[in-house]
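Here are the chains, one letter per residue:
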Amino acid sequence: MTTLSLYYHRQRAPLCLILYGLAVAFFVIAWIVRTVPPQSTLSLIFVLVGLVMLILATGFHHLTVADEIDRLRISFGPLPLFQRSVLYEEVLRADVDRTTFMEGWGIHLSPRGGWVWNLWGRDCVTLQMKHGTLRIGTDDAENLAAFVNGRVEELGLNAEAH
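Note that the coordinates shown come from a computational prediction; the quantities given were computed from them, not determined experimentally.

Residues Leu72, Leu127, Leu134, Ile136, Leu144 and Val148 are the most contacted members of the largest nonpolar core, which totals 30 residues. When contributions to this core are tallied by element, the ones reaching two or more residues are helix H1 (15-32), helix H2 (39-59), strand S2 (62-67), strand S3 (71-77), strand S5 (91-98), strand S8 (123-129), strand S9 (132-137) and helix H3 (141-161). Broken down by element, this core gets its largest block of residues, six residues, from H3.

Here you go:
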């Protein structure tokens, strides 16, 4: 009988501070232009953009990568707007990698193919999956890659035993 180890890592980054700053800037601009004609429309636009920045800031405050026995959960938070899970049975291997300047931060398609989920920095783990590629930005790349490869191998051995 094998015992499954668990993985949990939360990366914090200053990206949210940039977004909070933008939200405050838009609120200040809305306050300043409230008396400039057409004050209601212009001020409302700046308030709405400020609210979007505030929501995004709370959505990208940290990036959590956690083992859930049969899958890896990737989620931004604390406002859980963006999350994804990957079944270990879909993963072929995990490699320590680095994102390119063009791949940047956030959630988007990579110029190299596949998806990027990155909060801050360039270190990442590339998951080669049966159907695509996923790059997970992390400041714990070595441990995450080793964990995922171990879990994939462990589940593979369990599947052969049955």
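Still more ground to cover, so stick around.
Attention now moves to the sheet that holds S5. Read from one edge to the other, the open sheet built from five strands follows the order S5-S8-S9-S7-S6, with strand pairing classed as mixed. Looking at strand neighbours, the two that pair on one side only are S5 and strand S6 (106-109), the edges of this open sheet. Taken over all neighbouring pairs, the strand axes of this sheet differ in orientation by 15 degrees on average, direction set aside. One ladder, built from four bridges, connects S6 with strand S7 (residues 115-118); its direction is antiparallel. Residue pairing across strands places Ile107 opposite Trp117, the latter belonging to S7.

Turning to the sheet that holds strand S1 (residues 8-12), a few remarks are in order. Read from one edge of the open sheet, four strands run S1-S2-S3-S4, paired in antiparallel fashion. The outermost strands of the open sheet, each flanked by one partner alone, are S1 and strand S4 (83-87). Neighbouring strand axes in the sheet, compared pairwise and without regard to direction, differ in orientation by 10 degrees on average.

Trans peptide bonds make up the majority, and among non-glycine residues the majority have a negative phi. The peptide bond linking Gly77 to Pro78 adopts the cis configuration, its omega dihedral lying at 15 degrees. When you line up the elements, Pro78 lands in the loop between S3 and S4. With phi around 65 degrees, Ile69 is a residue other than glycine that occupies positive phi space. Ile69 sits in the partly exposed class, given a relative accessible area of 46%.

Another aspect to go through is H1. With 18 residues, H1 should cover 26 Å at 1.5 Å per step; its first-to-last C-alpha distance of 26 Å lies within 8% of that length. Here H1 has its buried residues at Leu15, Cys16, Leu19, Ala23 and Ala30. Around the axis of H1, the buried residues are gathered within 100 degrees of arc, so they sit on the same side. Residues Leu17, Trp31 and Ile32 are exposed on H1 and point more than 90 degrees away from its buried face.

Turning our attention to the environment of Met53. Mapped onto the secondary structure, Met53 falls in helix H2. Dropping the residues within four chain positions of it, Met53 is found in contact with Leu19, Leu22, Ala23 and Phe26.

The next thing to look at is the pairing of S3. Among the seven residues of S3, five are classified as buried, and the element is accordingly described as predominantly covered. Sheet analysis places S2 next to S3, joined by six bridges and oriented antiparallel. Bridge pairing links Val65 to Ile74 in S3. As paired elements, S3 and S4 share five bridges and run antiparallel to each other. From the neighbouring strand, Arg71 faces S4, where its bridge partner is Leu87. Hairpin connection of S3 to S4: five residues between the antiparallel strands.

Conventions used here
- Residues numbered from 1 in each chain as written.
- Predicted model: local features only at pLDDT ≥ 70, side-chain atom pairs only at ≥ 80, totals over all residues.
- Heavy atoms only, no water.
- Core = buried A, V, L, I, M, F, W, Y, C linked by side-chain atoms within 4.5 Å.
- Buried < 20%, exposed > 50% of the residue type's maximum accessible area, 1.4 Å probe, protein only.
- Helix = DSSP H or I, 4+ residues; strand = E, 2+ residues; numbered from the N terminus.
- Pairing = 2+ DSSP bridges.
- Axes fitted to C-alpha atoms, helices over the stretch in contact; angles between N-to-C directions.
- Expected span 1.5 Å × (residues − 1).
- Arc of directions from axis to C-beta.
- Contact = heavy atoms within 4.5 Å.

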